Amino acid sequence: NAGVTQTPKFRVLKTGQSMTLLCAQDMNHEYMYWYRQDPGMGLRLIHYSVGEGTTAKGEVPDGYNVSRLKKQNFLLGLESAAPSQTSVYFCASSYRDREQFFGPGTRLTVL
Amino acid sequence: KNQVEQSPQSLIILEGKNCTLQCNYTVSPFSNLRWYKQDTGRGPVSLTIMTFSENTKSNGRYTATLDADTKQSSLHITASQLSDSASYICAVEGNNRLAFGKGNQVVVIP
């Protein structure tokens, strides 16, 4: 039982490049979330999903897109990376609105 | 505006001593309050979840309290261990959204 896993763990991009972060969970959770964590700030919700095929915007969605084609996977895409998107990205999942289980994070640097 | 404020921002304590972390919030309506522990370079791990009717909840050496009237919560760490060195994050749910505090950075020294 791996819980929540994230791929990749680290990534460096140049401004304008695109990439996709993958989140996978094996707990059969309906809800999945993408957060970013920046120094001196609390975790902020980017997008979330309450079930396969559904997504919704969170607090800071601009510059990101998501897809939930399978219940166990939640993808976060950056179409044209900007230095302001340098951050640590965390994926989480939960059974409905209960306890959220977080992944280990992806550290992204945009030059 | 940050709806969840934590204090102190950081503290250093001796191994074996107790400490208390504070969380004040303005989130309304209130659904529940959560405390997470985040080790350096790792994702947050849930310690407790408290609803409106719960005043105290324990998880091993961690005890959380909640005063929904004053909108305050505290996390008490008893007999601290070196492994307690981490960031402790308070999060409050309201309107189906979680608002996170910036965290209390705790360093336990031998």
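Fair warning: this is a prediction, and the values are worked out from it, not measured in the lab.

**Student:** How should the overall build of chain A be read in this particular structure?
**Tutor:** Secondary structure summary: chain A contains 0 helices and 11 strands in total. Secondary structure elements of chain A, listed N to C terminal, follow the sequence β-β-β-β-β-β-β-β-β-β-β. The C-alpha atoms of chain A give 13 Å as radius of gyration, which agrees with the globular expectation for 111 residues (13 Å, within 12%). Taking the principal axes of its C-alpha atoms as reference, chain A extends roughly 35 × 25 × 25 Å. The proportion of buried residues among the 111 residues of chain A is 47%. Summarising the internal contacts of chain A: among those between residues at least 6 apart in sequence, 55% fall at separations of at least 24. Per element, the accessible surface of chain A, about 5600 Å² overall, is 51% carbon and sulfur.

**Student:** I'm lost on the sheet that holds strand 3 (residues 19–25) of chain B in this one. Help?
**Tutor:** Backbone hydrogen bonds are what pair the strands of a sheet, in a parallel or an antiparallel way. All names here are of chain B. In space, the 5 strands of this open sheet follow the order 1-3-8-7-6, with antiparallel pairing throughout. The open sheet is flanked by strand 1 (4–7) and strand 6 (56–59), the only strands paired with a single partner. The average angle at which neighbouring strand axes cross in this sheet is 15°, direction not considered.

**Student:** What's the story with a nonpolar patch on the surface in this structure? I'm lost.
**Tutor:** All names here are of chain B. Taken together, the side chains of I12, L14, V107 and I109 present a nonpolar region at the surface, about 340 Å² in accessible area. Those elements that place two or more of their residues in the nonpolar patch are strand 2 (10–14) and strand 11 (104–109). Positionally, L14 belongs in strand 2.

**Student:** I'm lost on the packing of aromatic side chains in this one. Help?
**Tutor:** How two aromatic rings sit relative to each other is set out by the distance from centre to centre and by the angle between their planes. Across all of its chains, the model carries 8 aromatic pairs over all chains by this definition. Judged by centre distance (6.1 Å) and plane angle (25°), the ring pair of Y33 of chain A and Y35 of chain A falls under stacked. The same class applies to Y33 of chain A and to Y35 of chain A, which are both buried. Here the aromatic rings of Y35 of chain A and F100 of chain B are separated by 5.3 Å at their centres, their planes lie at 80°, and the arrangement is edge-to-face. Placement of the pair is Y35 of chain A in strand 4 (residues 31–37) and F100 of chain B in strand 10 (residues 97–100), with the two residues belonging to separate chains.

**Student:** What am I meant to see in the confidence of the model for chain B here?
**Tutor:** Segments scoring low in pLDDT should not have their predicted coordinates read at a detailed level. Mean pLDDT over chain B stands at 94; residues scoring 70 or higher make up 98%. At the level of individual helices and strands, chain B shows its lowest average pLDDT in strand 10 of chain B, which scores 91, and its highest in strand 8 (residues 72–77) of chain B, which scores 98.

About the criteria used
- Residues numbered from 1 in each chain as written.
- Chains lettered and ligands numbered in written order.
- Predicted model: local features only at pLDDT ≥ 70, side-chain atom pairs only at ≥ 80, totals over all residues.
- Heavy atoms only, no water.
- Helix = DSSP H or I, 4+ residues; strand = E, 2+ residues; numbered from the N terminus.
- Rg over C-alpha atoms; globule rule 2.2 N^0.38 Å.
- Buried < 20%, exposed > 50% of the residue type's maximum accessible area, 1.4 Å probe, protein only.
- Contact = heavy atoms within 4.5 Å.
- Areas by Shrake-Rupley, 256 points an atom, 1.4 Å probe, with all protein chains shown as cover.
- Pairing = 2+ DSSP bridges.
- Axes fitted to C-alpha atoms, helices over the stretch in contact; angles between N-to-C directions.
- Patch = residues over 30% accessible without salt bridge, like charges linked within 9 Å, V, L, I, M, F, W, Y side chains within 5 Å.
- Salt bridge = Lys/Arg side-chain N within 4 Å of Asp/Glu carboxyl O.
- Phe/Tyr/Trp six-rings, centres within 6.5 Å; stacked < 30°, edge-to-face > 60°.
- pLDDT = per-residue confidence, 0-100.

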